[in-house]
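Each chain, letter by letter, is given below.
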Amino acid sequence: MKEQLRLTWLVARRELTDQMRDWRILLPMGILILFFPYLMNYTALQAIDFVNEYGGNLIAERIVPFLLMVVGFFPVTVSLIVALEAFVGEKERGTIEPMLSSPLADWHMYVGKLTAGSLVPLAASYISIALYLLGLMLQNIPFPPLDVLVQMLLLTAVQTVLMVSAAIIISTQSTSVRAANLLASFIVIPVALLIQGESALIFWGDTEILWLAILGVAIVTGLIVRLGLAHFQREALLGREIDMLNLRWAFGAFWASFSGSAAAPAGLRWLANRLRKNTVGQRLPKAIGEDLAGIKTWYINQVFPAVRRMALSIWLTVGLGALAILFSYLFVSAQVRGLTLSADALNETANTLQGMITGNGDGFSLSVAYLFFNNLRAEILILFFGMFSFGVGAVLIYGLNFALIGGVLAAMKVIGLSPWLIFLTGILPHGVFELPSIILASAAVLHMGVRMVTPNARESIGEVLIHTSADWLKIAIGLAFPLLFIAAFIETYITPILLYNFFQ
Amino acid sequence: MIESEDLTKHFGTFKAVEGVNINVRPGEVLALLGQNGAGKTTTVRMLTSILLPTRGWGRVAGYDVVENPAKVRASVGVLTEMHGLYSRMTAIEYLDFFGQVYSLDANRRKKRIDELLSYFGLAEAAKRRSGEYSKGMRQKLALARALIHEPPVLLLDEPTSAMDPESAQLVRNEIGRLKSSQRSIIICTHNLLEAEMLADKIAIIYRGRVLLQGTLEQLRQKLLGAPEYEVTLAGGWNPQQLDSISGLKVAHFTETGFRYVVENPTETNPALVRALIEQNMPVVAVQQVSRSLEQVYLKAMTLATEGAL
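Residues numbered from 1 in each chain as written. Chains lettered and ligands numbered in written order. Predicted model: local features only at pLDDT ≥ 70, side-chain atom pairs only at ≥ 80, totals over all residues.

1. Side note on the overall build of chain A
Turning to step 1, where the next piece is worked out: Helix and strand counts for chain A come out as 21 helices and 0 strands.
Turning to step 2, where the next piece is worked out: Across its three principal directions, the C-alpha atoms of chain A cover 75 × 75 × 50 Å.
Turning to step 3, where the next piece is worked out: For chain A, the residues scored as buried account for 37% of the 504 residues in total.
Turning to step 4, where the next piece is worked out: Excluding contacts between residues fewer than 6 apart, the proportion of contacts in chain A whose partners are at least 24 apart in sequence is 85%. (Helix = DSSP H or I, 4+ residues; strand = E, 2+ residues; numbered from the N terminus. Buried ≥ 20, exposed ≤ 12 C-beta atoms within 10 Å, placed from the backbone. Contact = placed C-beta atoms within 7 Å.)

2. Here we look at the overall build of chain B
Turning to step 1, where the next piece is worked out: Within chain B, the secondary structure is distributed over 10 helices and 14 strands.
Turning to step 2, where the next piece is worked out: Here the C-alpha coordinates of chain B stretch approximately 75 × 50 × 30 Å along the principal axes.
Turning to step 3, where the next piece is worked out: Every one of the 309 residues in chain B was classed for burial, and the buried ones make up 40%.
Turning to step 4, where the next piece is worked out: Considering only intrachain contacts with a sequence separation of at least 6, the fraction spanning at least 24 residues in chain B is 69%.

3. Structural notes on the domain arrangement of chain A
By convention, interface size is frequently given as the accessible area that disappears when the constituent parts associate.
Turning to step 1, where the next piece is worked out: Per the domain assignment, the segments making up chain A are domain 1 (2–239), domain 2 (247–305) and domain 3 (310–503).
Turning to step 2, where the next piece is worked out: Its C-alpha centre places domain 1 of chain A at a distance of 48 Å from the equivalent point of domain 2 of chain A. (Domains from an automatic or database assignment.)

4. Considerations on the domain arrangement of chain B
Turning to step 1, where the next piece is worked out: Entries for chain B in the domain assignment read domain 1 (2–221) and domain 2 (228–288).
Turning to step 2, where the next piece is worked out: For domain 1 of chain B versus domain 2 of chain B, the distance between C-alpha centres works out to 46 Å.

5. Section: the sheet that holds strand β14 (residues 283–288) of chain B
All names here are of chain B.
Turning to step 1, where the next piece is worked out: If you trace the 4 strands from one edge of the open sheet to the other, you get β12-β13-β11-β14, paired in antiparallel fashion. In this open sheet, the two edge strands, each paired with only one partner strand, are β12 (250–253) and β14. Strand-to-strand twist across the sheet, computed as the mean angle between neighbouring axes with direction ignored, equals 20°.
Turning to step 2, where the next piece is worked out: Across 5 bridges, strand β11 (residues 228–233) lies against β14 in antiparallel orientation. Bridging from a neighbouring strand, Y229 pairs with Q288 of β14.
Turning to step 3, where the next piece is worked out: Against the sheet, helix α9 (residues 265–278) touches β11 and β14, its axis set at about 165° to β14. (Pairing = 2+ DSSP bridges. Axes fitted to C-alpha atoms, helices over the stretch in contact; angles between N-to-C directions.)

6. Digging into the interface of chain B and chain A
Turning to step 1, where the next piece is worked out: Counting residues at the interface gives 24 residues for chain B and 19 residues for chain A.
Turning to step 2, where the next piece is worked out: Counting residues per element, the side of chain B that touches chain A draws most heavily on helix α3 (residues 91–101) of chain B, at 4 residues.
Turning to step 3, where the next piece is worked out: Along the lines of polarity and charge, the residues of the side of chain B that touches chain A split into 15 nonpolar, 5 polar and 4 charged. (Nonpolar A, V, L, I, M, F, W, Y, C, P; charged D, E, K, R; others polar.)

7. Some remarks on the nonpolar core
Turning to step 1, where the next piece is worked out: Formed by 185 residues in total, the largest nonpolar core has its most connected members in A167 of chain A together with A31, I186 and I187 of chain B.
Turning to step 2, where the next piece is worked out: Tallying contributions element by element places helix α3 (residues 57–84) of chain A first for this core, with 15 residues.
Turning to step 3, where the next piece is worked out: Apart from residues no more than four positions distant in its own chain, A167 of chain A is found in contact with L80, A83, L84 and I187 of chain A. (Core = buried A, V, L, I, M, F, W, Y, C linked by C-beta atoms within 7 Å.)

8. Focus: the confidence of the model for chain B
Turning to step 1, where the next piece is worked out: Here chain B averages 91 in pLDDT, and 100% of its residues register 70 or above.
Turning to step 2, where the next piece is worked out: Prediction confidence for the complex, expressed as pTM and ipTM, is 0.76 and 0.84 respectively. (pLDDT = per-residue confidence, 0-100.)

9. Considerations on the pairing of strand β4 (residues 55–60) of chain B
Where a strand is regular, its side chains alternate between the two sheet faces.
All names here are of chain B.
Turning to step 1, where the next piece is worked out: Of the pairings in the sheet, the one linking strand β1 (residues 2–11) to β4 comprises 5 bridges and is antiparallel in character. For E3, the partnering residue across the bridge sits in β4 and is R59.
Turning to step 2, where the next piece is worked out: Judged from the 2 bridges that link them, β4 and strand β5 (residues 63–64) form a sheet pairing that is antiparallel. Across the sheet, R59 pairs through a bridge with D64, a residue of β5.
Turning to step 3, where the next piece is worked out: Turn length for the β4-β5 hairpin, with the two strands adjacent in sequence and antiparallel, is 2 residues, and the turn residue A61 shows positive phi of about 50°.

10. Structural notes on the environment of M89 of chain B
Turning to step 1, where the next piece is worked out: Along the chain, the position of M89 of chain B falls in the loop between β6 (76–79) and α3.
Turning to step 2, where the next piece is worked out: In contact with M89 of chain B, other than residues within four places in its own chain, are Y94, R129 and S130 of chain B.

11. Quick look at α9 of chain B
Turning to step 1, where the next piece is worked out: The terminal C-alpha atoms of α9 of chain B lie 19 Å apart, and with 14 residues this matches the ideal 20 Å at 1.5 Å per residue to within 8%.
Turning to step 2, where the next piece is worked out: After α9 of chain B finishes, the residue N280 of chain B shows a positive phi value of roughly 60°. (Expected span 1.5 Å × (residues − 1).)

12. Looking at the sheet that holds strand β10 (residues 209–214) of chain B
Residue and element names in this part refer to chain B.
Turning to step 1, where the next piece is worked out: Reading across from one edge, β6-β7-β8-β3-β9-β10 is the order of the 6 strands in this open sheet, with mixed pairing throughout. In this open sheet, the two strands that pair with only one neighbour each are β6 and β10. On average, each strand axis in the sheet is tilted by 15° relative to the strand beside it, whichever way the strands run.
Turning to step 2, where the next piece is worked out: Of the strand pairs in this sheet, strand β9 (residues 201–206) and β10 are connected by 5 bridges, and their pairing is antiparallel. Its bridge partner lying in β10, I204 is registered against L212.
Turning to step 3, where the next piece is worked out: Against the sheet, helix α5 (residues 135–147) engages β6 and β7 (153–157), with an angle of about 165° to β6.
Turning to step 4, where the next piece is worked out: Against the sheet, helix α8 (residues 216–224) engages β9 and β10, with an angle of about 110° to β10.

13. Describing the confidence of the model for chain A
Turning to step 1, where the next piece is worked out: In this model, chain A carries an average pLDDT of 84, and 92% of its residues clear a pLDDT of 70 or more.
Turning to step 2, where the next piece is worked out: The least confident element of chain A, judged by mean pLDDT, is helix α16 (residues 343–358) of chain A at 67; the most confident is helix α15 (residues 311–335) of chain A at 92.

14. Observations concerning the environment of A345 of chain A
All names here are of chain A.
Turning to step 1, where the next piece is worked out: Relative to the helices and strands, A345 resides in helix α16.
Turning to step 2, where the next piece is worked out: Of the residues examined, A345 has 11 C-beta atoms within 10 Å and is grouped as exposed.
Turning to step 3, where the next piece is worked out: Once the C-alpha coordinates of A345 and A488 are considered, the two residues, 143 residues apart in sequence, prove to be 26 Å apart.

15. Considerations on the packing of α15 of chain A against helix α19 (residues 419–452) of chain A
Residues and elements named next belong to chain A.
Turning to step 1, where the next piece is worked out: Put simply, α15 and α19 touch, their axes get as near as 8 Å, and they point 120° apart. Of the possible angle classes, the one that applies to α15 and α19 is oblique. For the crossing formed where α15 meets α19, the hand is right-handed. For the pair α15 and α19, the contacting residues are S313, I314, L316, T317, V318 and G321 in the first and I439, L440, S442, A443, L446, H447 and V450 in the second.
Turning to step 2, where the next piece is worked out: Residue composition of the contact of α15 with α19, grouped by class: 8 nonpolar, 5 polar and no charged. (Parallel < 35°, antiparallel > 145°, perpendicular 65-115°, else oblique. Left-handed = near helix turned anticlockwise from the far one by under 90°.)

Rendered as structure tokens:
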């Protein structure tokens with residue numbers, strides 16, 4: 001292990017020496033360290049004076065930690081430039097090949113460069129923060145609370161590693177420094193959004209949520225580092241020579257992975273022939289018949305094997321769902337007490353349910369389409385958040401959905417109703433279909449994240465993304481969406497009747 | 001020792017290298033010749049365990065390139081097409097860095113650095129950053145890096161490119177010395193004269209395939225046919241005198257004599273010289289017409305382009 005660390009540090013030390021000899025890195029860093037804290041001190045003083053004039057003491061209080069975050073963040077931006085060219089820059093200058101020809105392991109180079117890329121900007125950032133705090137002291141501005149100070153220091157550290165690790169991934173996947181710089185927007189945009197969110201939390205003053213945000217960023221950072229380690233290969237660095245997005249290839253690979261065949265569906269082929277005014281070929285009924293006959297094969301060869309592939313993710317998701325229900329049930333039971341449901345409220349609920357059943361309610365009625373699209377939106381949201389967070393976001397939203405069930409059941413218990421009967425009449429009938437749907441859709445996103453961070457010498461990041469997205473779509477179209485539709489139908493026509501009878 | 005069988009590399013549908021078989025014994029130099037993009041660098045990268053072969057196998061210094069990549073890389077000294085120097089490091093720092101990468105202890109590193117810098121005439125510039133070096137100096141420093149750990153196998157891409165004649169001679173001498181100390185060496189080069197001087201064996205690679213492989217003489221025989229000799233004669237002879245010499249196939253006459261092609265010169269030439277003297281022909285000299293590697297290479301390329309090879 002000592003030898004492994006020696007080699008990693010050797011790479012890092014060389015990089016650090018190189019950085020410390022490059023005036024193009026040192027000069028902006030020096031300016032940011034020396035000038036920026038002073039500017040922020042001045043800004044803090046002016047802003048505090050200004051808002052105090054109008055009695056905005058609270059805002060004045062929150063400006064200090066906000067500017068602390070800004071002071072810490074700016075030197076970190078330099079890390080992006082260094083990290084973006086970590087591998088691709090060396091490839092362009094031809095300095096990478098002697099390293100690749102040496103006994104250094106892939107991870108020695110990756111971790112060495114990650115360390116070097118993070119250390120200098122982080123050191124600059126902490127010096128800036130120290131100077132800013134010194135300025136506050138000299139201007140008799142109160143320090144932010146200790147927990148906020150620790151939060152800002154941690155946030156700066158995780159954001160630095162986040163940016164550097166993401167930039168290194170881009171660097172390993174790019175063919176030129178120019179391409180890497182252009183791809184940097186994929187780091188800048190999410191980080192900018194992150195900073196805005198963190199700023200809002202600072203002004204909101206909710207330090208508990210800020211702790212959670214730091215934890216979330218740290219988890220995503222860890223996963224990005226893992227992704228980089230999983231996909232960093234000598235072969236990929238020197239073997240990739242094409243610098244364009246091959247959408248045709250990507251779509252072809254996606255379709256082949258989704259359908260199990262490179263050929264387009266017979267119905268589409270018929271349509272294409274029609275558009276070309278080519279009357280030779282299959283007739284429409286036959287084409288539709290062929291496609292319908294292929295559905296069974298598709299389920300057998302594509303959908304069920306995809307479910308088997310993500311079995312671990314499905315079990316994990318089921319377990320997390322059960323835990324979310326249990327914890328929220330226990331939490332609400334412990335926290336909420338002394339509530340009762342009056343006879344009037346009970347009648348009102350029964351009337352609302354009757355209105356939903358008969359369609360003669362006071363404007364609130366459920367429809368299959370409404371419920372289906374509402375749940376569909378939730379599953380798309382899970383996909384969206386999961387795709388950009390290696391499944392972490394998906395699991396969080398999924399967990400919140402399940403926690404709601406536990407919370408509602410606990411609330412029913414608190415007001416004196418039987419949670420079991422509520423579950424049997426109000427949740428289970430449609431839940432039999434809806435819950436497996438959301439479990440499968442979330443598990444497919446979690447599987448996507450797990451596959452991304454799992455070392456795989458045979459597939460590139462792009463290929464993994466294509467294959468796992470195809471798996472998600474198979475699960476969604478083949479199982480999750482049809483289950484949602486059935487659930488929406490039951491929730492519209494059966495669940496209200498059962499609930500109404502229960503409340504009666 | 002460098003061996004490979006059916007060594008193949010495909011990038012998607014592109015066949016970069018196809019079925020390369022080579023065998024370089026200790027103390028041997030193989031020159032890998034071919035156009036740009038022919039597959040020389042990809043072959044070297046597979047033999048350095050940087051690229052995984054799509055098919056086939058390779059063994060370097062006794063280690064399989066797929067099974068033992070770290071040991072392969074520790075046994076190989078590579079001079080890449082681009083010198084690959086860190087411009088903000090001095091020669092000493094650069095060699096010391098790679099010495100540490102190859103796990104040489106401090107004493108050995110210092111000894112090797114001194115030896116190499118002194119041999120390549122870089123001792124005076126040792127504390128200057130390599131960014132300030134001339135092209136030739138950079139090339140020498142890159143070669144020094146490839147030799148720092150005294151590897152048993154050397155893979156050298158254009159070892160003397162950008163060098164002045166004296167430096168190139170120095171490098172060639174060093175390659176000769178390494179060869180005599182039982183290193184296995186592969187040189188990728190476009191400098192055919194250099195290949196002719198240094199190589200024991202030559203492999204010509206075209207569009208990923210090794211078209212021809214063997215000693216220079218074997219390649220000459222195969223591509224240019226039997227050797228040609230030129231007889232230089234003093235004045236006062238008659239071409240008809242040659243008609244009576246049996247087995248002599250005159251290729252063409254020159255101003256001072258004639259040229260002939262002979263399948264087996266060791267047997268034919270002494271008899272021919274005797275016959276010429278018996279015919280009272282004034283023989284001044286008999287010498288083989290030189291056929292350079294360049295002629296061999298160009299012929300191979302012509303035949304390959306025509307699909308005849």
